[in-house]
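# Fold and contact review
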Amino acid sequence: MDIRTRAIHAGDRKKAGPHVPVTTPIYTAASFFYEDMEQLDRVFGREQAGYCYSRYDNPSNGALEELMRSLEGGHGALACASGMAAIQTALMAALTERPKAILAADALYGATISVLLKVFAPLGIEVAFVDMCDLAAVEAAIAARRPGCVLMETMSNPLLRVGQVDRIAQLARAAGAAFIVDNTFGTPLLIRPMELGANMVVHSATKYLAGHGDVLAGIAVSDEPHYATLRMLSRAYGPVLGPFESYLTMRGIKTFPLRMERHCANASRVAQWLKEHPSIERVHFPGDPGHPDAATVRRLFAPGLYGGMVSFEIRGAHRAEIFRFMERLKLVVRATSLGDVHSMILYPVMSSHREVPPEQRERMGIRDNLVRLSVGIEAVEDILEDLEQALELE
Ligand SMILES: *Cc1c(COP(=O)(O)O)cnc(C)c1O
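What you see is a predicted model, and the numbers here were worked out from it, not measured in a lab.

Rules behind the numbers
Residues numbered from 1 in each chain as written. Predicted model: local features only at pLDDT ≥ 70, side-chain atom pairs only at ≥ 80, totals over all residues. Heavy atoms only, no water. Helix = DSSP H or I, 4+ residues; strand = E, 2+ residues; numbered from the N terminus. Rg over C-alpha atoms; globule rule 2.2 N^0.38 Å. Buried < 20%, exposed > 50% of the residue type's maximum accessible area, 1.4 Å probe, protein only. Contact = heavy atoms within 4.5 Å. Areas by Shrake-Rupley, 256 points an atom, 1.4 Å probe, with all protein chains shown as cover. Lys, Arg positive; Asp, Glu negative; His and termini not counted. Charge placed at Lys NZ, Arg CZ, Asp CG, Glu CD. Pairing = 2+ DSSP bridges. Polar contact = N/O pair within 3.5 Å; in protein donor to acceptor, adjacent residues only side chain to side chain. Salt bridge = Lys/Arg side-chain N within 4 Å of Asp/Glu carboxyl O. Near = heavy atom within 4 Å. Nonpolar A, V, L, I, M, F, W, Y, C, P; charged D, E, K, R; others polar. Domains from an automatic or database assignment. Buried area = accessible area lost by both parts, 1.4 Å probe. Axes fitted to C-alpha atoms, helices over the stretch in contact; angles between N-to-C directions. Parallel < 35°, antiparallel > 145°, perpendicular 65-115°, else oblique. Left-handed = near helix turned anticlockwise from the far one by under 90°.

Bringing the overall build of the protein chain into the picture now. Within the protein chain one finds 15 helices and twelve strands. Over its C-alpha atoms the protein chain spans a radius of gyration of 22 Å, differing by no more than 12% from the 21 Å that the globule rule assigns to 394 residues. Taking the principal axes of its C-alpha atoms as reference, the protein chain extends roughly 75 × 50 × 35 Å. In the protein chain, which comprises 394 residues, the proportion classed as buried is 53%. Pairs at least 24 apart in sequence give 74% of the contacts found in the protein chain among residues at least 6 apart. Taken as a whole, the protein chain presents about 17100 Å² of accessible surface, with 54% of it coming from carbon and sulfur. In the protein chain, the 41 positive side-chain charges and the 46 negative ones have mean positions that sit 1 Å from each other.

Before going further, it helps to examine the sheet that holds strand S12 (residues 370-374). Read from one edge to the other, the open sheet built from five strands follows the order S8-S9-S12-S11-S10, with strand pairing classed as mixed. The open sheet has two free edges, formed respectively by strand S8 (280-284) and strand S10 (333-334), since each of these has just one partner strand. Two strands pair when backbone bridges link them, and strand S9 (residues 309-314) and S12 are joined in this way by five bridges, in the antiparallel orientation. Within the sheet, the bridge partner assigned to Val-310 lies in S12 and is Leu-373.

Bringing the environment of Ala-320 into the picture now. Within the secondary structure, Ala-320 is located in helix H13 (residues 319-328). Residues Ala-320 and Arg-69, spaced 251 residues apart in sequence, show a C-alpha to C-alpha distance of 45 Å.

Let us now look at the side chain of His-226. Here His-226 is to be found in helix H9 (residues 224-237). At a separation of 3.1 Å, a polar atom in the side chain of His-226 contacts the side chain of Arg-98.

Should the charged atoms of two oppositely charged side chains come close, the side chains can pair. A complete count under the given rule lists 14 salt bridges for this structure. For Asp-2, the salt bridge goes to Arg-4, with nearest N and O atoms at 2.9 Å. One salt bridge in this structure joins Glu-195 and Arg-192, with 3.1 Å as the shortest N-O distance. What you see here is one network of salt bridges that share partners, running through Glu-281, Arg-282, Glu-313 and Arg-367.

We now examine the site of the ligand. Gly-83, Asp-182, Ser-204, Thr-206 and Lys-207 are the nearest of the 14 residues found near the ligand. Here Gly-83 contributes a backbone N or O atom positioned 2.9 Å from an oxygen atom of the ligand. In this structure, an oxygen atom belonging to the ligand sits 3.0 Å away from a main-chain N or O atom of Met-84. Starting from 380 Å² of accessible surface for the ligand in isolation, the protein chains cover 94%. Considering every element that reaches the shell around the ligand, the biggest residue donor is helix H4 (residues 83-95), with three residues. Class assignment for the residues of the shell around the ligand results in six nonpolar, five polar and three charged.

Entries for the protein chain in the domain assignment read domain 1 (3-253) and domain 2 (256-390). Taking the mean C-alpha position of each, domain 1 and domain 2 sit 27 Å from one another. Counting residues at the interface gives 36 residues for domain 1 and 40 residues for domain 2. Approximately 3100 Å² of surface area, both sides summed, lies buried where domain 1 meets domain 2, with 65% of it carried by carbon and sulfur atoms. Interface area lost by domain 1 to domain 2 is led by Leu-159, Leu-190 and Tyr-208, which between them contribute 25%.

When two helices pack together, you describe them by how their axes are tilted relative to each other and by the distance separating the axes. Orientation of H4 relative to H9, taken along the N-to-C sense of each, is 125°, at an axis distance of 9 Å. In terms of orientation, H4 lies oblique with respect to H9. Where H4 crosses over H9, the handedness of that crossing is right-handed. Along its contact with H4, which presents Gln-88, Thr-89, Ala-90, Met-92, Ala-93 and Ala-94, the element H9 presents His-226, Thr-229, Leu-230, Leu-233 and Tyr-237.

What follows is the structure in structure tokens.
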């Protein structure tokens, strides 16, 4: 069945009695009751499927987990309280029986870098970074470090570089390392890393999946070998999603393919328009034929879908000019986050890359004149008009 159909049906209408709710209700119960003590005993012992306590399992979360398992093509999924909780749990599941070393992409979401350097490294886990778009460098780093886990994102932030997920999966597998891919920017409509050899896929469902800027949620999807460990970790330390957030996320996902197609179409149009604008020095967009990873994008992404993110550099602008440009925007919302129905813009130098020293930022290609736009699903003419009036005075 097509992903656009599964997004609407998967996970719902589990039979639990004589009537079946058409959509999954919000199960707020912390625990579950059985007439028969023998039955509760079997559920506790996991000899029989069933719910006993919501830190272990919850029917609202279970429906969302089944839905995400279906969309990413994994064995099972875990719904977490945030994207960061999903990333942390997946990393721990990867390292449980492997060397305590992580090889990560050098371009990652800021909080993911913090988890690696401020949480995992002080626990004695080795952390190293590599350019995931340089396959030879990845191969050399895996050989030198022998990591237990390789971690990357399908599209880097904010320059939107795209690594060869399938080739990196082969390298990780050959070295016995688990391979985790953060598919928040890519989404399963564009690319499904499990089908390309990843062991686990993680999401900030806060972004495109839920899509309305009204819920914080995370998902880890896993292959069979890591699934029992993932659930054991979740039972043990409880990073679970609340059932109300689970409901909101699932409600969002039903329209996710429809929204994502519009995000992609609007972003393609905005990127093209920006490229021709005299005030714009450079545009970073995976759908651009001149993008440094255009061949990988063509090979791995669904045809015609390049994501909803566009980063661009305003000619001659520095912090003051960028601030003025952003303050003049009337429709595009100045706020952190991405993937919402409304267009959003942020300034990486001020936010995600604030802690990175200027020289290092320059080397990474993140310049003082760069902004990151999450293109929403408004009428594209209105987005362009807003950008035009804000750029006019530059
Ligand atoms: C937002 C984001 C996260 C963190 O997710 P939260 O839901 O905010 O915890 C992780 N990775 C990427 C790529 C993100 O954009």
